Amino acid sequence: AVVSFGLGKMSDLLLPTLSRKCDVDCIIRDTLDKVLVLRFGRSADPLCLHFDEILSKTSREVSKFATIALVDVDSEEIQVYIKYFDITLIPSTVFFFNAHHMKMDSGTADHTKWVGSFHSKQDLIDVVERGDERQADR
């Protein structure tokens with residue numbers, strides 16, 4: 001499934017929605033030399049919809065150094081990831097680089113994920129760029 005926002009142009013990017021464990025496994029394994037941004041949430045949740053719009057509008061600007069996908073928390077196959085990353089609040093965003101889970105300081109005690117939405121496109125871009133720069137320094 002793909003989420004599309006009525007942004008007006010055919011050239012606007014569509015974000016893939018992952019609902020099977022094998023799809024999440026593959027995107028984590030196959031996204032190389034880029035930050036992978038996985039948004040865990042529900043397409044019907046208002047906060048997720050707001051965040052998804054920010055993600056969609058940002059995806060083109062970060063496409064050279066990041067890949068963005070949505071993960072459906074209601075899918076039975078995804079529950080293994082929900083438990084592993086302790087997803088209790090949505091939206092929650094998990095970041096990877098070359099199949100390695102990236103820890104980050106989001107201003108909370110939990111450094112495994114970003115909980116909630118970003119306020120703006122630039123906030124998201126800043127976090128993804130910091131993750132990409134951190135990986136480049138390794």
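Here the structure is shown first, and the text comes after it.
Cut-off values and rules
- Residues numbered from 1 in each chain as written.
- Predicted model: local features only at pLDDT ≥ 70, side-chain atom pairs only at ≥ 80, totals over all residues.
- Heavy atoms only, no water.
- Phe/Tyr/Trp six-rings, centres within 6.5 Å; stacked < 30°, edge-to-face > 60°.
- Helix = DSSP H or I, 4+ residues; strand = E, 2+ residues; numbered from the N terminus.
- Buried < 20%, exposed > 50% of the residue type's maximum accessible area, 1.4 Å probe, protein only.
- Core = buried A, V, L, I, M, F, W, Y, C linked by side-chain atoms within 4.5 Å.
- Contact = heavy atoms within 4.5 Å.
- Arc of directions from axis to C-beta.

Some remarks on the packing of aromatic side chains
Following the criterion strictly, the structure yields 5 aromatic pairs and no others. Taking 5.4 Å as the distance between ring centres and 35° as the angle between the ring planes, the aromatic pair formed by F51 and F118 counts as tilted. Taken together, the residues F51 in helix α2 (residues 46-59) and F118 in the loop between β7 (114-115) and α4 (121-136) connect sequence positions 67 residues apart. Of the two residues, F51 and F118, neither departs from the other in class, the shared state being buried. Judged by centre distance (6.2 Å) and plane angle (10°), the rings of Y81 and F85 are stacked. Neither residue differs from the other here; Y81 and F85 are each classed as buried. Among the aromatic side chains, those forming a connected cluster through ring pairs are F40, Y81, Y84, F85 and F96.

Focus on the nonpolar core
By size, the foremost hydrophobic cluster in this structure holds 21 residues, and its most contacted members are V35, V37, L55, F95, F118 and V128. Listing elements by their share of this core, those giving two or more residues are β3 (35-41), α2, β4 (66-72), β5 (92-97) and α4. In terms of residue count, α4 provides more of this core than any other element does, 4 residues in total. Leaving out residues up to four positions away in the same chain, F118 has contacts with H50, F51, I54, F95, D123, L124 and V127. The next biggest cluster of nonpolar side chains, apart from the first, holds 17 residues, and it includes L36, V73, I78 and I82.

Observations regarding helix α1 (residues 21-30)
V24, I27 and I28 are the residues of α1 that are buried. In a view along the axis of α1, the buried residues occupy a sector of 100°, so they form one face of it. Looking at the packing, one finds that the buried side of α1 touches β2 (15-18), β3, β4, α3 (79-84) and β5.

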